[in-house]
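Working through the structure, step by step
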Amino acid sequence: MSESFPRLSARTRRFTLGVPRGFTISPEGGRVVFLRTRTGTDAVTCLWELNTATHVERLVVDPRLLHGDEEEDLPPEERARRERSREAAGGIVSYATDSMVARASFALSGGLYVVELATGETRRLETPGAVIDPRLSPDGRHVAYVTGGALRVQDLVSGEDRALATPESETVTYGLAEFIAAEEMDRLRGYWWAPSSDALLVERADEAPVRIWHIADPANPDRTPVAHRYPAAGTPNARTELYVLGLDGSRVAVPYDEEYLTTAAWDSHALSIVTLTRDQKTMRLSTVDPATGSATLVREDTDPAWVDIVTGVPAHLDDGSLVWVAGGEGGHRLHVGDRVVTPPTLQVRAVLDVDHDSVLFSASGDPTEIQLWTWDGHSLLPVSTRSGVFSGRMAGGVGVLAEQSLDTEGVSVTVVRRDGMAVPIPSYAERPGLDLRVSIGRSGRRELATAVVLPSWHEQGSGKLPVLMDPYGGPHAQRVLNRRGAFLESQWFAEQGFAVVVADGRGTPGRGTAFERAVLNDLATPALEDQVDALQGVAEQYGDDLDLSRVAIRGWSFGGFLAALAVLRRPDVFHAAVAGAPVIDWRLYDTCYTERYLGHPDEQPEVYENSSLLADAAKLERPLMIIHGLADDNVVAAHTLRLSSALLAAGRPHTVLPLSGVTHMTPQEVVAENLLLLQVDFLKKSLGIAT
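Residues numbered from 1 in each chain as written. Predicted model: local features only at pLDDT ≥ 70, side-chain atom pairs only at ≥ 80, totals over all residues. Heavy atoms only, no water.

Another aspect to go through is the packing of helix H7 (residues 525-541) against helix H8 (residues 558-569). Between H7 and H8, the least distance of the axes is 10 Å, while the angle of their chain directions is 75°. In terms of orientation, H7 lies roughly perpendicular with respect to H8. Here Ala-527, Leu-528 and Gln-531 of H7 come into contact with H8, specifically with Phe-558, Leu-562, Leu-565, Ala-566 and Arg-569. Of the residues that constitute the contact of H7 with H8, the class distribution is 6 nonpolar, 1 polar and 1 charged. (Axes fitted to C-alpha atoms, helices over the stretch in contact; angles between N-to-C directions. Helix = DSSP H or I, 4+ residues; strand = E, 2+ residues; numbered from the N terminus. Parallel < 35°, antiparallel > 145°, perpendicular 65-115°, else oblique. Contact = heavy atoms within 4.5 Å. Nonpolar A, V, L, I, M, F, W, Y, C, P; charged D, E, K, R; others polar.)

Read from one edge to the other, the open sheet built from 4 strands follows the order E10-E11-E12-E13, with strand pairing classed as antiparallel. Of all strands in the sheet, those with a lone pairing partner are strand E10 (132-136) and strand E13 (161-165), marking the two edges. The average undirected angle you get between the axes of adjacent strands in this sheet is 25°. In this structure, strand E11 (residues 142-147) lies alongside strand E12 (residues 150-155), joined through 6 bridges in antiparallel fashion. The residue bridging Tyr-145 from the neighbouring strand is Arg-152, located in E12. (Pairing = 2+ DSSP bridges.)

Next up on the list: the pattern of salt bridges. With the rule as written, the count across this model stands at 53 salt bridges. Between Asp-217 and Arg-223 there is a salt bridge, and its shortest N-O distance comes to 3.3 Å. Here Arg-223 falls in the exposed class, since its relative accessible area comes to 51%. The salt bridge involving Arg-479 is made with Asp-470; its shortest N-O contact spans 3.8 Å. With respect to class, Arg-479 is no different from Asp-470; both count as buried. (Salt bridge = Lys/Arg side-chain N within 4 Å of Asp/Glu carboxyl O. Buried < 20%, exposed > 50% of the residue type's maximum accessible area, 1.4 Å probe, protein only.)

Turning next to the sheet that holds strand E25 (residues 315-316). Spatial ordering of the open sheet is given by E25-E26-E27-E28, a layout of 4 strands whose pairing is antiparallel. Two strands lie at the open edges of the sheet, namely E25 and strand E28 (339-340), each paired on one side alone. Across 2 bridges, the pairing between strand E27 (residues 331-336) and E28 is antiparallel. Counterpart to Val-336 in the pairing with E28 is Arg-339.

In this section: the nonpolar core. When a protein is soluble and globular, its nonpolar side chains tend to lie buried together. Grouped together as the largest cluster of nonpolar side chains are 83 residues, with contacts concentrated most on Leu-334, Val-359, Phe-574 and Trp-586. Broken down by element, this core gets its largest block of residues, 9 residues, from H8. Counting 35 residues, the second largest nonpolar core, distinct from the first, contains Leu-434, Leu-488, Ala-576 and Val-662. (Core = buried A, V, L, I, M, F, W, Y, C linked by side-chain atoms within 4.5 Å.)

Turning our attention to the packing of aromatic side chains. A complete count under the given rule lists 18 aromatic pairs for this structure. Plain terms: the ring middles of Phe-34 and Trp-48 are 6.4 Å apart, the flat faces sit at 10° to each other, and that makes the pair stacked. Within this pair, whereas Phe-34 is found in strand E2 (residues 31-37), its partner Trp-48 is found in strand E3 (residues 44-51), the two being separated by 14 residues in sequence. Owing to a relative accessible area of 8%, Trp-48 belongs among the buried residues under this scheme. Three or more aromatic residues link up through ring pairs in this structure, and these residues are Trp-306, Tyr-472, Phe-558, Phe-561, Trp-586, Tyr-589, Tyr-593 and Tyr-597. When the ring centre of Tyr-243 is taken as origin, the NZ or CZ atom of Arg-251, which lies over that ring, is 4.2 Å away. (Phe/Tyr/Trp six-rings, centres within 6.5 Å; stacked < 30°, edge-to-face > 60°. Lys NZ or Arg CZ within 6 Å of the ring centre and 35° of its normal.)

Strand direction decides the pairing type here: strand E29 (residues 347-355) and strand E30 (residues 358-364), joined by 7 bridges, are antiparallel. Within the sheet, the bridge partner assigned to Asp-355 lies in E30 and is Ser-358. Taking the residues between adjacent antiparallel strands as the criterion, E29 and E30 are bridged by 2 residues, where His-356 takes a positive phi near 60°.

So, about the environment of Val-423. Within the secondary structure, Val-423 is located in strand E36 (residues 422-425). Each C-alpha atom, one on Val-423 and one on Ser-286, is 40 Å from the other, the two residues being 137 residues apart in sequence. Setting aside chain neighbours within four positions, we find Val-423 in contact with Leu-50, Thr-52, His-55, Val-413, Thr-414, Val-415 and Arg-417.

Right, let's talk about unusual backbone geometry for a bit. Residue Pro-314 is reached from Val-313 by a cis peptide bond, and omega for that bond is 5°. Along the chain, the position of Pro-314 falls in the loop between strand E24 (295-302) and E25. Its identity is not glycine, yet Arg-86 carries a phi of approximately 60°, on the positive side. The topology assignment puts Arg-86 in the loop between helix H3 (76-85) and strand E5 (90-91). One non-glycine residue, His-476, lies in positive phi territory at about 60°.

Two numbers describe how helix H5 (residues 488-495) lies on helix H12 (residues 669-687): the axes approach to 11 Å, and their chain directions differ by 45°. Between H5 and H12, the crossing angle belongs to the class labelled oblique. Between H5 and H12 the crossing geometry is right-handed. Across the interface between the two elements, Glu-489, Trp-492 and Phe-493 of H5 pack against Leu-676, Leu-677, Gln-679, Val-680 and Leu-683 of H12. Split into classes, the residues belonging to the contact of H5 with H12 amount to 6 nonpolar, 1 polar and 1 charged. (Left-handed = near helix turned anticlockwise from the far one by under 90°.)

Turning to the side chain of Glu-78, a few remarks are in order. Of note, Glu-78 is situated in helix H3. Of the residues examined, Glu-78 reaches a relative accessible area of 6% and is grouped as buried. Among the polar contacts listed, one links the side chain of Glu-78 to the side chain of Arg-82, at a separation of 2.9 Å. Setting aside its immediate chain neighbours within four residues, Glu-78 contacts Val-93 and Ile-132. (Polar contact = N/O pair within 3.5 Å; in protein donor to acceptor, adjacent residues only side chain to side chain.)

Put into structure tokens, the structure is as follows:
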């Protein structure tokens, strides 16, 4: 008997194992370094290299040969970093190279390693403690790393290892991104090498102002609760500062007034920093004189709602032209120098690489597609030509394209040489074994991007199926994309006898700033209205196939909030819900995310009340299962426990499934497998479906 989908999905980390990722192209384009596990069920990530001329692929480092089969012993900071990046695998999950891509550094179980990519010769370097985020200097002579909150540098020739900055207290770290930067700004690093390799720009973060929360493990009462500093909405953030630290021992402060450091970049043209005010309505790009720390404002972007953070910028062409992305005329547009080079109908998602005078970026014309484009200094050129979701890299005239679509399984990776020849990098991911039956279109009054997933065995018009809404529904994230991987779980639920509907409502990206900003000051009403609107629109198209008297909804994180919201405020539409790790009271969620949409709770308390679910507890009249990991440090279990208490006080029956030792990611195989099975069982019983 073949392995069940829930078990296989759990073992493969949702079919991500075995997929090539983390690409680095050598400057001349002759080699591509990347990460991949050896099989689709092996969670140990290895380092590989492809020779683009010979097409020969080579295993550079297998962590098992360095560390045996011992279980990884990760320092707490590395565990936190992986949680923030949603990293589900082990082994070499990240690496950094010198500018010539001759050497690579990585951390493995707290140890510091450097590998000569040409030979595969790997050595472990002695360090005074467990290592976080090692990065080679551009010239490859030094490697910097963080240990015990200190930023240290080791000379790879002499072996001299010294601290450039040591924390002044237990709440201070040098060289690490603080919680908010990592969780909400996609910034997972806290230091940047100078292109001259003689200095670094380093973040100093002090968490002393951040309130301490305690995350207990009720299943093990003998264990001391973990003290976790969490910057909830309206409370203080960590204090961040920047310093230029020279290898000669010099230290130059780089002052800035804004609350958030969103990113920094240091290339041959400028040392740049990007900062954001606490209300996120003003973003400033400045260049810094590394000798004095003085900053010069380059541009200031403002928005009455919020300014979006776009990854990959700032950057510069060879001639020094600034590459930037900013809102304008309803779209996120690419700026090169003093020119706006993309139309407002093309929503720029990210800048992926700058190769001499060319810019590689991702963008959407249709919100269900993410395509690749280049600006070559004169014109816009499409890189991807088929329907789907693409990402990529570019250097030395060589490109790496990763493609996903509804027509093909998994991720297809291709290296495109300068002569146009395509060289594949194989994926070892397992096949899900599902016959996908997904239709993507528009539905409802707002023509929302919507996917309808029917059982493979269902003949349209042969009978009505109970409906399962399966959204995320929150701002700055999408579910409806033209790729098979987005709908695997939805298809499995469909195979259990549901018509599954996935809809992206207002707040989701790809349709312009007005559509995204419709959730300003209200995270509840637009999100719920749009799920109802999409459902009604789909019912008009599939009237003979959907049973609107049996409609359930499930979701995780914001999707969990939306699922609970649905049965509390629209029981006339939704008849059962599974809410996983739901945000219940937005005062308990973090500053950057929450205040972006709802403002400061002291200034707009009514906005927070309207988006909270606690006051709705007495309205519950439908079956509700709430699932929460008790070790979750992102959406803490207090959300679920407070809602459960309010429901109990109102005399409303409900189901709570606590997951001991589980975080927001639920990576554990047994947990991930059984969560799917338990959800199906609960939904079928709640809707009166025979099991």
